[in-house]
Amino acid sequence: MIALNQKDLHVHSPFCPHRASDAPLEEYLTAAEKQGIVELGFAEHGPFPAPLSLAQYTKHPTLTDEEVELYFREMYALRETYTGPVKITIGLEVDFLEGFEEETARSLDLYGPRMEDGLLSVHNLLVDGRYLNLGYQHNIIAAVGKMGARKLSELYYRTMLKLVITDLGPYKPKRVGHPTMLALCGKHFPEFNEERALMEEFVAAAKEYGFALELNTAGLESPEDCEEIYGQALLPYMKKYDVPVSLGADAHRPERIGSDFDHPVILEAMKYLRPVWGDGTLRAARATGTARYEEAANDCIG
């Protein structure tokens, strides 16, 4: 059986507008080979569903529609020519943006047929009619100053719950990316992990609706502010409800692939968490019309 930490199912690419490297795709595969990774799940940022004027962005944080076409074309061409040992799955990381569910569903209808796998993530939180970008610590700190840490945490997990239960059509990704993103400032605001009832409700809903949750090691890149794996605070509930898990480094440069996959928290979690793998999950969810992984094809399960 392939171990959980041999598959990195959250990898970005040279097509990412905020990539941290201009290295070619081949270097991502070479880095994976060196790390002993047997499968790379490329999940580039799909088109942002809302006008940027409503969000805290000055330029596109995601691929445009034209860039998505290039991404799929180049990724599938790469796989045709690559002869190495790493399995490549190709998909998108899709933003769940409250208030733009219909636009997101239409985008998934357009690109879903070419997605072998995918992630659904919250990067922006609807606060008083505008979208708070959770990717920057100063935004989170400012929001805490206005509304308090507990209130922000409550809003975040209610949004995560909506992510799970909202119908986005047959191509809705069934894995949730970095499901505790407020942990980016977690060392400053331990109250973020005190909404235990809502956190458990979110994980229970993930189980009911057939989602896998991600353990994402990108949080370890900010030891002064986070020093936590995204998803780590949910581990007791993931264990309780037997929610499948995937592992991702959220790499925006080749050197990050498989990074910190030997972290003690991950090694311990591997003893009791049930892994769910890449391309089988999305195909199986489509084919069966059900939200439950355990009713999908057995090749999803490691």
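Our structure is the block above this text.
About the cut-offs
Residues numbered from 1 in each chain as written. Predicted model: local features only at pLDDT ≥ 70, side-chain atom pairs only at ≥ 80, totals over all residues. Heavy atoms only, no water. Helix = DSSP H or I, 4+ residues; strand = E, 2+ residues; numbered from the N terminus. Rg over C-alpha atoms; globule rule 2.2 N^0.38 Å. Buried < 20%, exposed > 50% of the residue type's maximum accessible area, 1.4 Å probe, protein only. Contact = heavy atoms within 4.5 Å. Areas by Shrake-Rupley, 256 points an atom, 1.4 Å probe, with all protein chains shown as cover. Lys, Arg positive; Asp, Glu negative; His and termini not counted. Charge placed at Lys NZ, Arg CZ, Asp CG, Glu CD. Salt bridge = Lys/Arg side-chain N within 4 Å of Asp/Glu carboxyl O. Phe/Tyr/Trp six-rings, centres within 6.5 Å; stacked < 30°, edge-to-face > 60°. Lys NZ or Arg CZ within 6 Å of the ring centre and 35° of its normal. Disulfide = S-S within 2.5 Å. Axes fitted to C-alpha atoms, helices over the stretch in contact; angles between N-to-C directions. Parallel < 35°, antiparallel > 145°, perpendicular 65-115°, else oblique. Pairing = 2+ DSSP bridges.

Caption draft 1: Seen up close, the overall build of the protein chain. Helix and strand content of the protein chain: nine helices and nine strands. Taken against the 2.2 N^0.38 rule, which gives 19 Å for 302 residues, the C-alpha radius of gyration of the protein chain at 18 Å falls within 12% of a compact globule. Reported as C-alpha extents along the three principal axes, the dimensions of the protein chain are approximately 55 × 45 × 40 Å. A burial count over the protein chain gives 58% of its 302 residues as buried. Considering only contacts within the protein chain whose residues lie at least 6 apart along the sequence, 78% involve residues at least 24 apart. Summing over all exposed atoms, the protein chain offers an accessible surface of approximately 12,500 Å²; the carbon and sulfur share of this is 50%. Positive and negative side-chain charges in the protein chain, numbering 30 and 47 respectively, have mean positions lying 3 Å apart.

Caption draft 2: Focus on the pattern of salt bridges. Per the counting criterion, the structure on display carries 17 salt bridges. Between lysine 240 and glutamate 200 there is a salt bridge, with its nearest N and O atoms 2.6 Å apart. Taken together, the residues span a long stretch of sequence, with lysine 240 in helix 7 (residues 235-241) and glutamate 200 in helix 6 (residues 196-208) at a distance of 40 residues. Owing to a relative accessible area of 55%, lysine 240 belongs among the exposed residues under this scheme. A salt bridge links glutamate 221 to arginine 253; the shortest N-O distance between them is 3.3 Å. With glutamate 221 in the loop between strand 8 (212-216) and helix 7 and arginine 253 in the loop between strand 9 (245-248) and helix 8 (264-269), the pair connects residues that are 32 residues apart, well separated along the chain. Put simply, Glu221, Arg253, Glu255, Arg256 and Asp260 are held in one network by salt bridges that share partners.

Caption draft 3: Structural detail: the environment of phenylalanine 202. As for its position among the elements, phenylalanine 202 is in helix 6. Separated by 55 residues in the primary sequence, phenylalanine 202 and isoleucine 257 have C-alpha atoms spaced 28 Å apart. Setting aside chain neighbours within four positions, we find phenylalanine 202 in contact with Tyr157, Met160, Leu161, Val164, Val176, Pro179, Leu213 and Leu234.

Caption draft 4: Layout of the packing of aromatic side chains. In the structure shown here, the tally under the stated rule is nine aromatic pairs. Aromatic side chains phenylalanine 15 and tyrosine 71 sit 5.8 Å apart centroid to centroid with 80° between the ring planes, which places their arrangement in the edge-to-face category. Here tyrosine 71 lies in helix 2 (residues 65-81) and phenylalanine 15 lies in the loop between strand 1 (7-11) and helix 1 (25-35), a separation of 56 residues in the sequence. Take phenylalanine 15 and tyrosine 71: they sit in the same class, and that class is buried. Among the aromatic residues, those joined into a cluster by ring pairs are Phe15, Tyr71, Phe72, Tyr76 and Tyr111. Between the NZ or CZ atom of lysine 239 and the centre of the ring of tyrosine 272, over which it lies, the distance is 4.8 Å.

Caption draft 5: Highlighting the state of the cysteines. The full count for this structure, using the stated rule, is zero disulfides. Residue cysteine 16 stays outside any disulfide, its sulfur separated by 19 Å from that of cysteine 226, the closest cysteine. Under the relative-accessibility criterion, cysteine 16 is labelled buried at 0%. In this model cysteine 185 remains outside any disulfide bridge; the closest cysteine sulfur is found in cysteine 226, 8.6 Å from its own.

Caption draft 6: Main features of the packing of helix 5 (residues 149-165) against helix 6. Axis separation between helix 5 and helix 6 bottoms out at 9 Å; the angle between their running directions is 10°. It follows from the interaxial angle that helix 5 and helix 6 lie roughly parallel. Counted together, Glu154, Tyr157, Arg158, Met160, Leu161 and Val164 of helix 5 and Leu198, Met199, Glu201, Phe202, Ala205 and Ala206 of helix 6 form the full contact between these two elements.

Caption draft 7: Up close: the packing of helix 4 (residues 137-147) against helix 5. Two numbers describe how helix 4 lies on helix 5: the axes approach to 7 Å, and their chain directions differ by 110°. The orientation of helix 4 with respect to helix 5, classified from their angle, is roughly perpendicular. For the pair helix 4 and helix 5, contact is made by Ile140, Ala143, Val144 and Met147 and by Ala149, Lys151, Leu152 and Leu155, respectively.

Caption draft 8: Unusual backbone geometry, seen in detail. In the Ramachandran plot, aspartate 250 falls in the positive-phi region, its phi being about 55° despite a non-glycine side chain. Along the chain, aspartate 250 turns up in the loop between strand 9 and helix 8. Aspartate 250 sits in the buried class, given a relative accessible area of 12%. Phi at aspartate 260 takes a positive value of approximately 65°, unusual for a residue other than glycine. Residue position: aspartate 260 is located in the loop between strand 9 and helix 8.

Caption draft 9: Local environment of the pairing of strand 8. Counting buried positions over the five residues of strand 8 gives five, a clear majority of the element. Of the two faces of strand 8, the one holding Ala212, Glu214 and Asn216 and the one holding Leu213 and Leu215 are both buried throughout. Two strands pair when backbone bridges link them, and strand 7 (residues 175-176) and strand 8 are joined in this way by two bridges, in the parallel orientation. Note on strand 8: the bridge partner recorded for arginine 175 is alanine 212. The pairing of strand 8 with strand 9 spans four bridges and is parallel. Within the sheet, the bridge partner assigned to glutamate 214 lies in strand 9 and is serine 246.

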